[in-house]
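Structural overview for review
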Amino acid sequence: MIDITVLVNQLIQLFFIICIGYLVFKIGILNENVNKHINSLVINVTMPLMIISSVLSISDRPDASIIVSLFSVSIGFFILMPVLAFIIVKIMFQTMHIVKARQGAYMFMMIFSNVGFMGMPILLAACGKDGPTAVFYAAVLNIFFNLAVFTYGVIIIGYGSAVEATLKVKDLLSPGILSSVIAIIIYALNIHFPSTIENVFDTVGDLTSPLAMILVGSTLASMKLREVFNEWRIYVFTIIKQFILPILLYPVFRFCISDDLLFNVMFIEFLMPIANIALMLATEHGLDYKFVSKTIFISTLLSLVTIPLVLYLCGIIYA
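Residues numbered from 1 in each chain as written. Predicted model: local features only at pLDDT ≥ 70, side-chain atom pairs only at ≥ 80, totals over all residues. Heavy atoms only, no water.

**Describing the overall build of the protein chain**
In terms of regular secondary structure, the protein chain is built from 14 helices and two strands. In terms of C-alpha radius of gyration, the protein chain reaches 19 Å, essentially the compact-globule figure of 20 Å for 319 residues. Across its three principal directions, the C-alpha atoms of the protein chain cover 50 × 45 × 45 Å. Residues counted as buried form 56% of the 319 residues belonging to the protein chain. In the protein chain, of all internal contacts separated by at least 6 residues, the share reaching a separation of at least 24 is 85%. Summing over all exposed atoms, the protein chain offers an accessible surface of approximately 13,700 Å²; the carbon and sulfur share of this is 68%. Across the protein chain, 16 positive and 17 negative side-chain charges occur, with their mean positions spaced 15 Å apart. (Helix = DSSP H or I, 4+ residues; strand = E, 2+ residues; numbered from the N terminus. Rg over C-alpha atoms; globule rule 2.2 N^0.38 Å. Buried < 20%, exposed > 50% of the residue type's maximum accessible area, 1.4 Å probe, protein only. Contact = heavy atoms within 4.5 Å. Areas by Shrake-Rupley, 256 points an atom, 1.4 Å probe, with all protein chains shown as cover. Lys, Arg positive; Asp, Glu negative; His and termini not counted. Charge placed at Lys NZ, Arg CZ, Asp CG, Glu CD.)

In structure tokens, the structure reads:
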């Protein structure tokens, strides 16, 4: 069971950090050039160290059968979600008349949730003594997340637009994937480092979530405030992604996953708002990055309500 107080407090903290990012951009401490460097720091340094730190923090390492189950569920999830995303976005295109060029961005954002920057810190806080194990499970999930992002993800995000995103083999060797593989090797060989080194990994890895949230806020600061809240379709999309779909798929998760902690990790990660990587790829490929940034913000804002509400309705948290 997850403590709702701890969960909500963690979500509120992350939201306030987004607000700090907004403010420091407005007063000139951050700018678009600085944001690019912070983005690179997070992707290449702090998040990989957080992933490695997660496995080093586990005292009782999980049974290999749990890891096999995690692999199976992760593969199944990233096969199922593109199909669901395509169907849902096509229905939205016909009924809500979403912009044709944004179809791919909607599909991408439906599939990929913030399993790293938000998911891992929330799991660490909300799962109590099982937090480090939960983060390690999330690190394994992150391998398949990155594989999906940099294979069909980069193709999907440009769907419906004039921009053709292409698959780059070098992206499969990203720090996120490599660090996740290293974490599994450390787990499998029961490797330990001197406490000083492990503390360095832990300290630097802890910077991941606040820096990522500051980037979201800083990106929003480049837009007029009224533009952030004026797209009603974003709200409908977010409710579908973060409330209706999880409620409908809850029985599927329960049927496929018997281990309670593994179930909590997979389901909570599924409830996370949109992944920051959507903004990074939209910017890189010349898509409508301001629309993506707005959607990430609204998604993160509404997650303060949708995450605890869904978990409460499904009986996973206690007050």
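**Thoughts on the pattern of salt bridges**
One pass over the structure, following the stated rule, counts four salt bridges. Of the charged contacts, one joins Arg-102 and Asp-288 as a salt bridge, the two residues approaching to 3.0 Å between their closest N and O atoms. Of this pair, Arg-102 sits in the loop between α3 (64-95) and α4 (103-111) while Asp-288 sits in the loop between α13 (277-284) and α14 (289-313); the two residues are 186 residues apart in sequence, bridging distant segments of the chain. Under the relative-accessibility criterion, Asp-288 is labelled partly exposed at 35%. Where Arg-254 meets Asp-260, a salt bridge forms, and the shortest distance between an N and an O atom there is 3.7 Å. Accessibility expressed as a relative area gives 51% for Asp-260, which makes it exposed. Taken together, the shared-partner salt bridges in this structure form one network comprising Arg-102, Glu-231, Arg-233 and Asp-288. (Salt bridge = Lys/Arg side-chain N within 4 Å of Asp/Glu carboxyl O.)

**Re the state of the cysteines**
Under the counting rule described, the total for this entry stands at zero disulfides. Here Cys-256 stays free of any disulfide, with the sulfur of Cys-314 as its closest cysteine sulfur at 15 Å. (Disulfide = S-S within 2.5 Å.)

**Re unusual backbone geometry**
Of note in this structure, His-97 is not a glycine but carries a positive phi near 55°. As for its position among the elements, His-97 is in the loop between α3 and α4. Even without being glycine, Asn-190 reaches a positive phi, approximately 55°. Along the chain, Asn-190 falls in the loop between α7 (175-189) and α8 (195-205).

**As for the packing of aromatic side chains**
For the structure shown, the criterion picks out 21 aromatic pairs. On the numbers, 5.6 Å between centres and 85° between planes, the contact of Phe-77 with Phe-270 is edge-to-face. In this pair, Phe-77 sits in helix α3 while Phe-270 sits in helix α12 (residues 260-271), placing the two residues 193 residues apart along the sequence. Residues Phe-77 and Phe-270 agree in their burial class; the two are buried. (Phe/Tyr/Trp six-rings, centres within 6.5 Å; stacked < 30°, edge-to-face > 60°.)

**Considerations on the environment of Ile-296**
Within the element layout of this structure, Ile-296 appears in helix α14. Dropping the residues within four chain positions of it, Ile-296 is found in contact with Val-216, Ile-274, Ala-275, Asn-276 and Leu-279.

**A short note on the packing of helix α2 (residues 32-56) against helix α6 (residues 131-156)**
The N-to-C vectors of α2 and α6 enclose an angle of 135°; their axes lie 8 Å apart at closest approach. When the axis of α2 is compared with that of α6, the two are oblique. For the pair α2 and α6, the sense of crossing is left-handed. Contacts between α2 and α6 involve Ile-51, Ser-54 and Val-55 from the former and Pro-132, Val-135, Phe-136, Ala-139 and Asn-142 from the latter. Taken together, the residues of the contact of α2 with α6 break down into six nonpolar, two polar and no charged. (Axes fitted to C-alpha atoms, helices over the stretch in contact; angles between N-to-C directions. Parallel < 35°, antiparallel > 145°, perpendicular 65-115°, else oblique. Left-handed = near helix turned anticlockwise from the far one by under 90°. Nonpolar A, V, L, I, M, F, W, Y, C, P; charged D, E, K, R; others polar.)

**Considerations on helix α1 (residues 4-26)**
Compared with an ideal rise of 1.5 Å per residue, which puts 23 residues at 33 Å, α1 spans 33 Å between its outermost C-alpha atoms and is within 8% of the ideal. Inspection of α1 places Leu-7, Gln-10, Leu-11, Leu-14, Phe-15, Ile-17, Ile-18, Gly-21, Val-24 and Phe-25 among the buried residues, and these make up the whole buried set. Looking one or two places after α1, you find Gly-28, whose phi comes out positive at around 95°. (Expected span 1.5 Å × (residues − 1).)

**Some thoughts on the side chain of Asn-276**
For Asn-276, the position within the fold is in the loop between α12 and α13. Taking relative accessible area as the criterion, Asn-276 reaches 5% and is therefore assigned buried. Reaching out from Asn-276, the side chain makes a polar contact with the side chain of Asn-114 at a distance of 2.8 Å. Beyond its immediate stretch of four places on either side in the chain, Asn-276 contacts Asn-114, Phe-117, Ala-212, Met-213, Val-216 and Ile-296. (Polar contact = N/O pair within 3.5 Å; in protein donor to acceptor, adjacent residues only side chain to side chain.)

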